[in-house]
Amino acid sequence: MSKLLEVKDLRKYFPTRKGILRRTIGHVKAVDGISFDVERGETLGLVGESGCGKTTASRCLLRLISPTSGSFTFGDEQVDLAKLTPQQMRPFRRRIQMVFQDPQSSLNPRKTVGDIVGEPLRVNRIMKRNERQVQIVELLESVGLKPQDMRRYPHAFSGGQRQRIGIARALALNPELIVADEPVSALDVSVQAQILNLLAELREKFQLSYIFIAHDLSVVKHISDRVAVMYLGKIVEISDARTLYQSPKHPYTEALISAVPLPDPKVQRKRELIHLEGDVPDPSQPPTGCYFHPRCRYATDICRQETPELHEIAPGVKVACHLSETLELQGVS
Amino acid sequence: MAQPLLEVSNLKTVFHTDGGVVNAVNDVSFSVERGKTVGIVGESGCGKSITGLSLLQLVPNPGRIEAGEILFYRDDVNEPLDITQVSPRSELMRQIRGNEIAIIFQEPMTSLNPVYTVGDQIAEAIMLHQEGERSSLARFGLQTTPKWARERAIEMLARVGIPAPEQRVDEYPHQLSGGMRQRVMIAIALCCAPALLIADEPTTALDVTIQAQVLALMQELQAEIGMAIMLITHDLGVIADMADKVVVMYAGRVVEKGSVEDIFYNPLHPYTRGLLNSIPTLGGSQQKMLPSILGTVPHPLALPPGCSFQPRCAEQMPTCEQMPELNTIDASKNRTDRNERHAVRCWLCEEKIDVETA
């Protein structure tokens, strides 16, 4: 497999301002130096609690917001997207597409489904009108909608169907990478399974790569080949999905896994649960040392003073924890 | 045998809309025992929230409870009270709401008043119910919270695990995080030590680690006060963690109910089985495809004939055009408590029972 995307030390700081002059008094480090890569045909899951920077990171990758620093090289050409001007960025926008969380607010209610799905084709002047119609029908069929649906408006569809429309739109330009930001969290359980299956099926069919952002660990496990766990703007652990869930190496990953209630009463009630105290700290005033130490039950002196780097402890397993060698953490088998 | 606290039988809540009549809650029966947790599961639009609101006579317009009984066994009264017979605006209903039956909602930001401090909001519930006296000044917000109510509010905040309650009591909801807000909601709900807590998707808007904290807190307080919980959720993991009994709803009706073991280890209705299969699991090996339920929930104004699940059901047969009854399963007929029996609304199981008895 070849690398499709390589992110190096991506940072996004939002200034906090105060007073009449709106002077910058500090920064919220929404994304604080993350590095990862995505192989072709791979799904990388990005998990973390709200406010950990997973959405900000994805928006940077699409250049919807400009990163503060860092680089991300994309495609065979190895172009660093972070340095491109908006004009130079345009051809790359076709190759990276996004699926949003809320299908209600990401579809224009005054356009027909055909217009919504065909808009990327129209804007990029890829096809003539009549060719476009054929393509739209094909796209709708590939996501499980009917050709006649193209004349209807988004309100006439259920949540799951709307998400299918959003996916069809993302597929229109035949992208290489799809960034899906919480694509199933607004959906009901039975519909969620349909959309997950659809995404998996499309990945095979069109040879897509996904960056799949979600807060639901079981959903991420199901769809991802590798998983990155984020906490306060940093990646604390990244490894292949199975290893991560079976033997987590970072105490935060362990706590996250432990917090997910398993749909099996006997197992769930016997589990030894790790309860994290308190909330995620304010990202404008992160703790010293390891950001997780105030909530970590294994924290020692070194954790309070020094920030651990993300380092490789086994092939494909990277973790940012001082104690990763000594800790025996529990996962789910 | 656990004592019943609430017995709902054949409850029917109907919305008369311009487009037609929606039977949001249709012939729903279940019971809640003292100190126990009943989980109500279903997808959006299945009527689980309206069931919860019906118990408090809080059904929004144009909804009305049209049939059925909600028998509430109050602490000091021998005769059960039928809540459906009480006027929603009556003084009696007000006494029950918040005091004997409390409710917490999914989104704490929208259920808390943004212009009052959390302390005032907790104190409001305490003053309304605990001392009885309501001064007209307090009603218009002209009277400040008396000291004793404020102290009770601080006590409640400490009890739900909010650090530095003396400071937090004077803060506004926007200053608190989502998990803290939900704790404040729980503090408001529990300040009068209700006999029943209705929790409508209490953790859906929260992160998993915060969800775990809130669920643990609810279990702790339940053991302490001995209240019953009616937990409305779509998350089967939460149900597995919390519930003693489970009611599965689909399109306004109960399709299956039973003990938590019945539902998770011996699910009989195809919908229950479909739901259980369609959730991705944390453990075990990775499956390629999730077994999903086809199609979507039917529109409430255009329900299919017979069993509402029939168009999506993999095991559909001609008899499904008629509505099956909610029948007790043979194997659980011997359970002493009538309310604890495993019951299912499906023709497939009907046949199973027939074969066994014949």
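Rules used in this analysis
- Residues numbered from 1 in each chain as written.
- Chains lettered and ligands numbered in written order.
- Predicted model: local features only at pLDDT ≥ 70, side-chain atom pairs only at ≥ 80, totals over all residues.
- Heavy atoms only, no water.
- Helix = DSSP H or I, 4+ residues; strand = E, 2+ residues; numbered from the N terminus.
- Buried < 20%, exposed > 50% of the residue type's maximum accessible area, 1.4 Å probe, protein only.
- Contact = heavy atoms within 4.5 Å.
- Areas by Shrake-Rupley, 256 points an atom, 1.4 Å probe, with all protein chains shown as cover.
- Rg over C-alpha atoms; globule rule 2.2 N^0.38 Å.
- Lys, Arg positive; Asp, Glu negative; His and termini not counted.
- Charge placed at Lys NZ, Arg CZ, Asp CG, Glu CD.
- Expected span 1.5 Å × (residues − 1).
- Salt bridge = Lys/Arg side-chain N within 4 Å of Asp/Glu carboxyl O.
- Pairing = 2+ DSSP bridges.
- Disulfide = S-S within 2.5 Å.
- Right-handed = clockwise from strand over helix to strand, strands pointing away.
- Axes fitted to C-alpha atoms, helices over the stretch in contact; angles between N-to-C directions.
- Parallel < 35°, antiparallel > 145°, perpendicular 65-115°, else oblique.
- Left-handed = near helix turned anticlockwise from the far one by under 90°.
- Nonpolar A, V, L, I, M, F, W, Y, C, P; charged D, E, K, R; others polar.
- Polar contact = N/O pair within 3.5 Å; in protein donor to acceptor, adjacent residues only side chain to side chain.
- Patch = residues over 30% accessible without salt bridge, like charges linked within 9 Å, V, L, I, M, F, W, Y side chains within 5 Å.

Asker: I tried to follow the overall build of chain A on my own but got confused; where do I start?
Answerer: Along chain A, the regular secondary structure elements total 11 helices and 12 strands. On the principal axes, the C-alpha backbone points of chain A span a range of 70 × 60 × 45 Å. Counting across all 333 residues of chain A, residues that qualify as buried make up 54%. Contacts spanning at least 24 positions in sequence make up 63% of the contacts within chain A whose residues lie at least 6 apart. For chain A, the exposed area adds up to about 15100 Å²; of that, 48% sits on carbon and sulfur atoms.

Asker: Help me understand the overall build of chain B in this model?
Answerer: Counting its secondary structure elements, chain B contains 13 helices and 12 strands. Since a compact globule built from 358 residues should have a radius of gyration of about 21 Å, the 22 Å found for chain B is in line with a globular shape. Along the three orthogonal principal directions, the C-alpha set of chain B runs to about 70 × 50 × 45 Å. Within chain B, the proportion of its 358 residues that are buried is 53%. Within chain B, contacts between residues separated by at least 24 positions form 64% of all contacts whose residues are at least 6 apart in sequence. Summed over its atoms, the accessible surface of chain B is roughly 15800 Å², and 50% of this surface lies on carbon and sulfur atoms. Looking at charge distribution, chain B has the averaged site of its 30 positive side-chain charges lying 2 Å from that of its 44 negative ones.

Asker: In this structure, what is going on with helix 8 (residues 178-190) of chain B? I would like to understand it.
Answerer: Because an α-helix packs 3.6 residues into every turn, residues spaced three or four apart end up facing the same way. All names here are of chain B. Between the first and last C-alpha of helix 8 there are 18 Å, a value that for 13 residues agrees with the 18 Å anticipated at 1.5 Å per step. Within helix 8, 12 of the 13 residues are buried, leaving the element largely enclosed by the surrounding structure. Three or more residues of helix 8 are buried, namely Gly-179, Met-180, Arg-181, Gln-182, Arg-183, Val-184, Met-185, Ile-186, Ala-187, Ile-188, Ala-189 and Leu-190.

Asker: Which parts of the structure should I look at to understand the pattern of salt bridges?
Answerer: Any two side chains of opposite charge can pair, given that their charged atoms come close. Residue and element names in this part refer to chain A. Evaluated as defined, the whole model comprises 29 salt bridges over all chains. Between Glu-42 and Arg-226 there is a salt bridge; the shortest N-O distance is 2.7 Å. Of this pair, Glu-42 sits in the loop between strand 2 (23-39) and strand 3 (43-47) while Arg-226 sits in strand 9 (residues 226-231), and the two are 184 residues apart along the sequence. With a shortest N-O distance of 2.6 Å, Glu-176 and Arg-95 are connected by a salt bridge.

Asker: What's the story with unusual backbone geometry in this structure? I'm lost.
Answerer: Only a minority of non-glycine residues have a phi that is not negative, and only a minority of peptide bonds are not trans. Residues and elements named next belong to chain B. Cis geometry is adopted by the peptide bond preceding Pro-62, which originates at Asn-61 and carries an omega value of -5 degrees. Inspection of the secondary structure assignment puts Pro-62 in the loop between helix 1 (48-55) and strand 4 (63-72). The backbone of Asn-10 sits at a positive phi, close to 50 degrees, despite the residue not being glycine. Mapped onto the fold, Asn-10 is located in strand 1 (residues 4-17).

Asker: I would appreciate a short explanation of the sheet that holds strand 5 (residues 81-82) of chain B in the present structure.
Answerer: All names here are of chain B. Ordered in space as 2-1-4-5, the four strands form an open sheet in which the pairing is antiparallel. Of all strands in the sheet, those with a lone pairing partner are strand 2 (20-33) and strand 5, marking the two edges. Sheet topology places strand 4 next to strand 5; two bridges connect them, and they run antiparallel. Following the sheet pairing, Phe-72 is matched in strand 5 by Leu-81.

Asker: Where do I start with the state of the cysteines in this structure?
Answerer: As used in these notes, a disulfide is a covalent bond between sulfur atoms, one from each of two cysteines. Residue and element names in this part refer to chain B. Within this structure, the stated rule accounts for zero disulfides over all chains. Considering cysteine sulfurs only, Cys-191 is the nearest to Cys-192, which forms no disulfide, with 3.9 Å between them. Between Cys-307, a free cysteine, and Cys-320, which holds the nearest cysteine sulfur, the sulfur-to-sulfur gap is 6.0 Å. Taking relative accessible area as the criterion, Cys-307 reaches 11% and is therefore assigned buried.

Asker: I would appreciate a short explanation of helix 6 (residues 189-206) of chain A in the present structure.
Answerer: Residues and elements named next belong to chain A. When the terminal C-alpha atoms of helix 6 are compared, their 26 Å separation across 18 residues agrees well with the 26 Å that a helix rising 1.5 Å per residue should span. Counting buried residues along helix 6, 14 of its 18 residues qualify, which places the element largely inside the surrounding structure. Gln-207 occupies a position one or two residues after helix 6 and carries a positive phi of about 55 degrees.

Asker: What is the right way to read the sheet that holds strand 8 (residues 228-233) of chain B from this model?
Answerer: Where strands meet in a sheet, backbone hydrogen bonds hold them as pairs that are either parallel or antiparallel. All names here are of chain B. Taken in spatial order, the eight strands of this open sheet run 6-7-8-3-9-10-12-11, and their pairing is mixed. Whereas interior strands pair on both sides, the edge strands pair on one side only; in this sheet they are strand 6 (101-104) and strand 11 (327-328). As paired strands, strand 3 (residues 37-41) and strand 9 (residues 245-250) are joined by four bridges and run parallel to one another. Across the sheet, residue Gly-39 finds its bridge partner in strand 9, namely Val-246.

Asker: Help me understand the pairing of strand 7 (residues 196-200) of chain B, please; the structure alone is not making it clear to me.
Answerer: Every other side chain in a regular strand lies on the same face of the sheet, so the side chains alternate between the two faces. Residues and elements named next belong to chain B. Counting buried residues along strand 7, five of its five residues qualify, which places the element largely inside the surrounding structure. Burial along strand 7 is two-sided: the face carrying Leu-196, Ile-198 and Asp-200 and the face carrying Leu-197 and Ala-199 are both buried. Looking at chain direction, strand 6 and strand 7 are connected through four bridges and run parallel. Among the inter-strand pairings, Ile-104 is bridged to a residue of strand 7, identified as Ala-199. Direction of pairing for strand 7 relative to strand 8: parallel, over a ladder of five bridges. Bridging from a neighbouring strand, Ala-199 pairs with Leu-231 of strand 8. In this fold, the crossover linking strand 7 to strand 8 by way of helix 9 (residues 208-225) has right-handed handedness.

Asker: Would you mind going over the packing of helix 4 (residues 118-129) of chain B against helix 6 (residues 147-159) of chain B with me for this structure?
Answerer: Helix-helix packing is described using two parameters, namely the angle between the two axes and the distance between the axes. Residues and elements named next belong to chain B. In contact at an axis separation of 8 Å, helix 4 and helix 6 are set at 110 degrees when each is read in the N-to-C sense. The orientation of helix 4 with respect to helix 6, classified from their angle, is roughly perpendicular. The handedness of the crossing between helix 4 and helix 6 is right-handed. For the pair helix 4 and helix 6, contact is made by Gly-119, Ile-122, Ala-123, Ile-126 and Met-127 and by Trp-148, Ala-149, Arg-152, Ala-153, Met-156 and Leu-157, respectively. Among the residues forming the contact of helix 4 with helix 6, the class breakdown is nine nonpolar, one polar and one charged.

Asker: Can you walk me through the pairing of strand 9 of chain A in this structure?
Answerer: Residues and elements named next belong to chain A. Counting buried residues in strand 9 gives six out of six residues, a clear majority hidden from the surface. The pairing of strand 3 with strand 9 spans four bridges and is parallel. Along strand 9, the bridge assignment pairs Val-47 with Val-229. With six bridges joining them, strand 9 and strand 10 (residues 234-240) adopt antiparallel strand pairing. When the sheet's bridge partners are listed, Met-230 is paired in strand 10 with Ile-235. Taken together, strand 9 and the strand that follows it, strand 10, pair antiparallel across an intervening segment of two residues, in which Leu-232 is found at a positive phi of about 50 degrees.

Asker: Even after reading the chapter, I still don't get the side chain of Ser-54 of chain B, so can you show me in this structure?
Answerer: Residue and element names in this part refer to chain B. Here Ser-54 lies in helix 1. At 2.7 Å, the side chain of Ser-54 forms a polar contact with the backbone oxygen of Ile-50. The residues touching Ser-54, leaving out its near neighbours within four places in the chain, are Leu-11, Thr-13, Val-59, Ile-65 and Ile-70.

Asker: Got a minute to help me understand a positive patch on the surface in this structure?
Answerer: All names here are of chain A. Taken together, Arg-90, Arg-93, Arg-94 and Arg-125 make up a surface patch of like positive charges. By the secondary structure assignment, Arg-90 is in helix 2 (residues 86-93). The class for Arg-90 is partly exposed, based on a relative accessible area of 44%.

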